[in-house]
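Structural overview
Listed below are the residues making up each chain.
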Amino acid sequence: MDRIARIDMGAAGGPKVTFEEVGEYAGLGGRALTSLVIATEVHPLCHPLGAENKLIFAPGMLSGTTGSMTGRLSVGCKSPLTGTIKESNAGGQAAQVLARIGYAAVILEGKPAGDDLYKIIINKDGITVEVDNSLQLMDNYPLVEKLRKEYGDKVAYITIGSAGERQLLAASIACTDPELRPTRHCGRGGVGAVMGAKRVKAIILDDAGMKMRPAKEPEKFRDANRKFVEGLRKHPVTGEGLPAYGTNVLTNVLNEAGGYPTRNFKGGVFEGSAKLSGEAQAELEVKRGGTATHGCHRGCVIQCSGIFNDKDGNYVTKQPEYETVWSHGGHCGIDDLDTVAKLDYMDDNFGLDTIEMGVTIGVAMDAGLAEFGDREAAIRLMEEVGKGTPLGRVLGCGAEITGKVFGVEKVPVVKGQALPAYDPRPIQGIGVTYATTTQGADHTAGYAIATNILKVGGDVDPLKTEGQVELSRNLQIATAAIDSTGMCLFIAFAIMDQPETFQALLDMLGAFYGITMTGDDVVALGKKVLSAERDFNKRAGFTKEHDRLPRFFYTDPIAPHNQTFSVPDEELDQLFNW
Ligand code: SF4
């Protein structure tokens, strides 16, 4: 990972590839690299779909090594959905393969003048960019099937579906899993629309002839990795809950806590939650010949994913995540896993963020376009998006735009991005994260659920305002650092509870780079990333008044706790004062 490749899609005479040393970005990876490049090189007032925006693909600091859990690919740009800086990361094979080919980052710049569509082939011999208009408006599953016939099975694919090509603001970027299914998405913030604006349909990554990235201190690295894996296997969340039931283990937990937003955030408990639960999902998957335990990339030891088949045993989609089951399920008053799985497949195929789309359909239901609980109507609305009809284009641009077009007063978004599956009124800590994160509403940016609800890394009462800003601050700093390593964020459960597992992670980083890594270094890295992101957002016009939840969370109490969000604005404004 000693090179950066820049591809100027708008160069005179056609796309032009240049290579350079990592230079000022040396030692950075993942989110640290994408955010520093954007903060340094992208004009904060540029139009996100214009030539001035850049789209950066960066494997993490440990991607492409023999280290476990190191397969996250960060994608960064100025977001067309939020107008803020954006980092969205996904699993799948892409990060490992890109890192082994030797790139710290591939940066798409400029914008071609015509309508041609391009594919980019990256291998040990270099980078080629080719026109391929036969791919126009293909969706992800048939697109990857077509590419496989040409480039085979021993590569990784990064693609956009029709939603990205149409530059819909909820469009995602898909990465293929080990079985070459386009199921792992950089979902949030409309990053797929930026790839569509650059007219890049697919990136084919081929690491034939390349080796694993070698550690500076191989034995120490091996030893630290072994201890790290032991720690993950020992912790109840990463060693038991996630492998057995996936992230959807949270449905019952959040419902019992009264923090499961139902029917567009009108209630905190869903009567149909048992039918949607991770326990029910895992049983169904195994009974139908799928699996409830699967890794989204090689080297994952937690294996929180799975395979969801239909009643005849045919593949439908990967195991829908908790946030997807919630957004397409309880949020829309739907209690049927087969409907959720079908909608998850449609999101993956068209190339859309499942959270944004589920929330959008709930907002559309609130507007009267369909009844809450109407399964067929939810599927029909998604089909409109796939066809690119005028209604589909509105829905595909997310909850905020849909709410405006149809006159919905209560739309759950922060900085234009839909709230995920945790109500901020009975879980105040996650509300602090939604309001203040640099990314728009995003649970992963500072997952306060861990400490508010799961009691990992301590215990902060979710109903009280005290301690929430400090909790969210610490989590946002830690997350910005983890997102830079290439590690899956789910390692956080084990490293927050088990000091020896955190030490093993530090030792892995230290042994790989031949340095000594301390907890203070991790904190410094997280702060550096957040500071760059905040600075970009400030220059893009964001102020402290944007660091707020929608008004109805302050005025409308939610059952069963009958509570509003009540962390004072003055405290929210202190989050980044460290
Ligand atoms: S724990 Fe889940 S999301 Fe993380 S790498 Fe493994 S399968 Fe992917």
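To keep things clear, this report deals only with the structure shown in the data block. No experiment lies behind these values; they were computed from the predicted model shown.

If you look at the biggest cluster of nonpolar residues, it comprises 108 residues, and the most contacted ones within it are Met69, Phe228, Tyr422, Met487 and Ile491. With seven residues, helix α21 (residues 499-513) is the largest single contributor of residues to this core.

For any two helices packed against each other, the geometry comes down to the angle between their axes and how far apart the axes lie. The contact between helix α6 (residues 218-234) and helix α7 (residues 236-245) brings their axes to 4 Å, and the two run at 55 degrees. One finds that α6 runs oblique with respect to α7. Here Gly231, Leu232, Arg233 and Lys234 of α6 lie close against α7, whose contacting residues are Pro236, Thr238 and Gly239. Considered class by class, the residues forming the contact of α6 with α7 number two nonpolar, three polar and two charged.

Our next topic: a nonpolar patch on the surface. A cluster of nonpolar residues, Leu369, Ile401, Val405 and Phe406, forms a patch on the protein surface that exposes about 280 Å² of accessible area. One can find Phe406 in the loop between α16 (399-405) and β16 (413-414). Residue classification places Phe406 among the partly exposed residues on the basis of a relative accessible area of 32%.

Before going further, it helps to spend a moment on the pairing of strand β3 (residues 55-59). With five of five residues buried, β3 lies mostly within the body of the structure. Of the two faces of β3, the one carrying Leu55, Phe57 and Pro59 and the one carrying Ile56 and Ala58 are both buried. In the sheet, β3 pairs with strand β6 (residues 103-109) via three bridges, with the strands oriented antiparallel. Bridging from a neighbouring strand, Phe57 pairs with Val106 of β6. Two strands pair when backbone bridges link them, and β3 and strand β4 (residues 73-78) are joined in this way by four bridges, in the antiparallel orientation. Along β4, the bridge assignment pairs Phe57 with Val75.

Below, the discussion takes up unusual backbone geometry. Cis geometry marks the peptide bond from Ala559 to Pro560, where omega comes out at 5 degrees. One can find Pro560 in the loop between α23 (552-555) and α24 (569-572). The phi angle at Leu180 is positive, at roughly 65 degrees, despite the residue not being glycine. Mapping Leu180 onto the fold places it in the loop between β10 (173-175) and β11 (184-186). Look at Leu180 and you get buried, because its relative accessible area is 5%.

What follows covers the sheet that holds strand β13 (residues 291-294). Judged by pairing direction, the sheet is antiparallel, and its three strands sit side by side in the order β13-β14-β15 without closing on themselves. The open sheet is flanked by β13 and β15 (315-318), the only strands paired with a single partner. Strand-to-strand twist of the sheet, defined as the mean angle between neighbouring strand axes without regard to direction, takes the value 25 degrees. For β13 and strand β14 (residues 305-309), the ladder comprises two bridges, and the chain directions are antiparallel. Bridge pairing in β14 places His294 opposite Ser305.

For the rest of this paragraph, the subject is helix α17 (residues 428-436). Burial within α17 is extensive, with nine of its nine residues counted as buried. Looking at the packing, one finds that the buried side of α17 touches β16, α18 (449-452), α19 (468-485), α22 (519-539) and α24.

Going through the model one piece at a time under the given rule, you end up with 16 aromatic pairs. Ring geometry for Phe19 versus Tyr103: centroids 6.2 Å apart, planes at 25 degrees, classification stacked. Of this pair, Phe19 sits in strand β2 (residues 16-21) while Tyr103 sits in strand β6; the two residues are 84 residues apart in sequence, bridging distant segments of the chain. The exposure class assigned to Phe19 is partly exposed, which follows from its relative accessible area of 40%. Exposure remark for Tyr103: the relative accessible area of 0% places this residue in the buried category. With centroids separated by 6.3 Å and ring planes inclined at 55 degrees, the aromatic side chains of Tyr141 and Tyr315 adopt a geometry described as tilted. Here Tyr141 is found in helix α3 (residues 140-151), whereas its partner Tyr315 is found in strand β15, with 174 residues between them in sequence. A relative accessible area of 14% places Tyr141 in the buried class. One aromatic cluster in this structure is built from Tyr260, Phe270, Tyr322, Tyr422, Tyr447, Phe490 and Phe493.

Rules behind the numbers
Residues numbered from 1 in each chain as written. Predicted model: local features only at pLDDT ≥ 70, side-chain atom pairs only at ≥ 80, totals over all residues. Heavy atoms only, no water. Core = buried A, V, L, I, M, F, W, Y, C linked by side-chain atoms within 4.5 Å. Buried < 20%, exposed > 50% of the residue type's maximum accessible area, 1.4 Å probe, protein only. Helix = DSSP H or I, 4+ residues; strand = E, 2+ residues; numbered from the N terminus. Axes fitted to C-alpha atoms, helices over the stretch in contact; angles between N-to-C directions. Parallel < 35°, antiparallel > 145°, perpendicular 65-115°, else oblique. Contact = heavy atoms within 4.5 Å. Nonpolar A, V, L, I, M, F, W, Y, C, P; charged D, E, K, R; others polar. Patch = residues over 30% accessible without salt bridge, like charges linked within 9 Å, V, L, I, M, F, W, Y side chains within 5 Å. Areas by Shrake-Rupley, 256 points an atom, 1.4 Å probe, with all protein chains shown as cover. Salt bridge = Lys/Arg side-chain N within 4 Å of Asp/Glu carboxyl O. Pairing = 2+ DSSP bridges. Phe/Tyr/Trp six-rings, centres within 6.5 Å; stacked < 30°, edge-to-face > 60°.

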